[in-house]
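The primary structure of each chain is shown beneath.
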Amino acid sequence: MLSYLKYLFQLLLSPSNGWEDVRDSAPEPGVLLRRGFYPLLAVVAVAEFVGLLYNKGFTAEVLLIRAIIDLGAYFVSLYLARILLEMYIPPMMARLAPEELRGRVLTLILLALGEMLIFRLICNLLQADVTIIKFLPLYVVLILYKGRDYVGVPADSTMNFTCLTSLAIVLIPLILHYLLSLILL
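The model shown is predicted, which means the values in this text are computed figures rather than measured ones.

Caption draft 1: Representation of the packing of aromatic side chains. Counted according to the given criterion, the structure contains four aromatic pairs. Taken together, a centroid distance of 5.2 Å and an interplanar angle of 25 degrees make the contact between tryptophan 19 and tyrosine 150 stacked. Linking tryptophan 19 in helix 2 (residues 15-25) with tyrosine 150 in helix 9 (residues 148-151), this pair joins segments that are 131 residues apart in sequence. When its relative accessible area of 2% is taken as the criterion, tryptophan 19 is described as buried.

Caption draft 2: Looking closely at a nonpolar patch on the surface. The grouping of Leu64, Ile68, Leu167, Leu171, Leu174, Ile175, Tyr178, Leu179, Leu182, Ile183 and Leu184 at the surface amounts to a nonpolar patch, some 1,000 Å² of accessible area in total. Elements supplying a minimum of two residues to the nonpolar patch: helix 5 (60-92) and helix 10 (158-184). Looking at the nonpolar patch, the element that brings in the most residues is helix 10, giving nine residues.

Caption draft 3: Spotlight on the packing of helix 5 against helix 10. Packing of helix 5 against helix 10 brings their axes to within 8 Å, and their N-to-C directions diverge by 155 degrees. Taken as axis vectors, helix 5 and helix 10 run roughly antiparallel relative to one another. Crossing hand, helix 5 versus helix 10: right-handed. For the contact of helix 5 with helix 10, the residue count by class is 21 nonpolar, six polar and one charged.

Caption draft 4: Just the packing of helix 1 (residues 2-13) against helix 6 (residues 98-126), in detail. The interhelical angle for the contact between helix 1 and helix 6, taken along N-to-C directions, is 80 degrees, at an axis separation of 10 Å. With respect to their mutual orientation, helix 1 and helix 6 come out roughly perpendicular. Between helix 1 and helix 6, the contacting residues are Tyr4, Leu5, Tyr7, Leu8, Leu11 and Leu12 on the first element and Leu110, Leu111, Gly114, Glu115, Ile118 and Phe119 on the second. Along the lines of polarity and charge, the residues of the contact of helix 1 with helix 6 split into ten nonpolar, one polar and one charged.

Caption draft 5: View of the pattern of salt bridges. A full pass over the atoms with the stated rule returns six salt bridges. The residue arginine 102 makes a salt bridge to glutamate 99 at a minimum N-O spacing of 2.8 Å. You can see arginine 102 and its partner glutamate 99 sitting in helix 6, three residues apart, about one turn around the helix. Classification of glutamate 99 by relative accessible area gives exposed; the value is 57%. Two residues, arginine 104 and glutamate 100, come together in a salt bridge whose shortest N-O distance is 3.1 Å.

Calculation rules
Residues numbered from 1 in each chain as written. Predicted model: local features only at pLDDT ≥ 70, side-chain atom pairs only at ≥ 80, totals over all residues. Heavy atoms only, no water. Phe/Tyr/Trp six-rings, centres within 6.5 Å; stacked < 30°, edge-to-face > 60°. Helix = DSSP H or I, 4+ residues; strand = E, 2+ residues; numbered from the N terminus. Buried < 20%, exposed > 50% of the residue type's maximum accessible area, 1.4 Å probe, protein only. Patch = residues over 30% accessible without salt bridge, like charges linked within 9 Å, V, L, I, M, F, W, Y side chains within 5 Å. Areas by Shrake-Rupley, 256 points an atom, 1.4 Å probe, with all protein chains shown as cover. Salt bridge = Lys/Arg side-chain N within 4 Å of Asp/Glu carboxyl O. Axes fitted to C-alpha atoms, helices over the stretch in contact; angles between N-to-C directions. Parallel < 35°, antiparallel > 145°, perpendicular 65-115°, else oblique. Left-handed = near helix turned anticlockwise from the far one by under 90°. Nonpolar A, V, L, I, M, F, W, Y, C, P; charged D, E, K, R; others polar. Contact = heavy atoms within 4.5 Å.

The following block contains the structure:
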């Protein structure tokens, strides 16, 4: 999990240099998933229970439902993003072999969703409506834009790539989280 967090903080501090480091170290996507994404997702869900310390009137049942919403939204988002990007990115790229492209796309998804989880963790720990935190997912769009070279996107497909990855990795988790909140809370 430490190497996963290292990649996340490198991408937060300097997206261009962070993607270069990810490319140079070539992490195994399966290891990032098992030892990075899933544990971070569990930490984010458990962090919902910090609300008990703030005594804001939340019961343990409500916080459990909020934890389930976090788990469900990001777990489903991972697989929806993977389906969307594996279906639409290969036609716009020709520089990478299909197997290498699939691994890099999964790594891109795991790291960008990891950034979204870090921002969700901040929200869960603060348990306050801070407006600036609501805009942090826009920074993930910049991280995705800078990840175009890592995935091998040609310059003429940069806008398509950024819009598609932003939809799949930023908007889908936010929409799912919102819809699940409407249904379950």
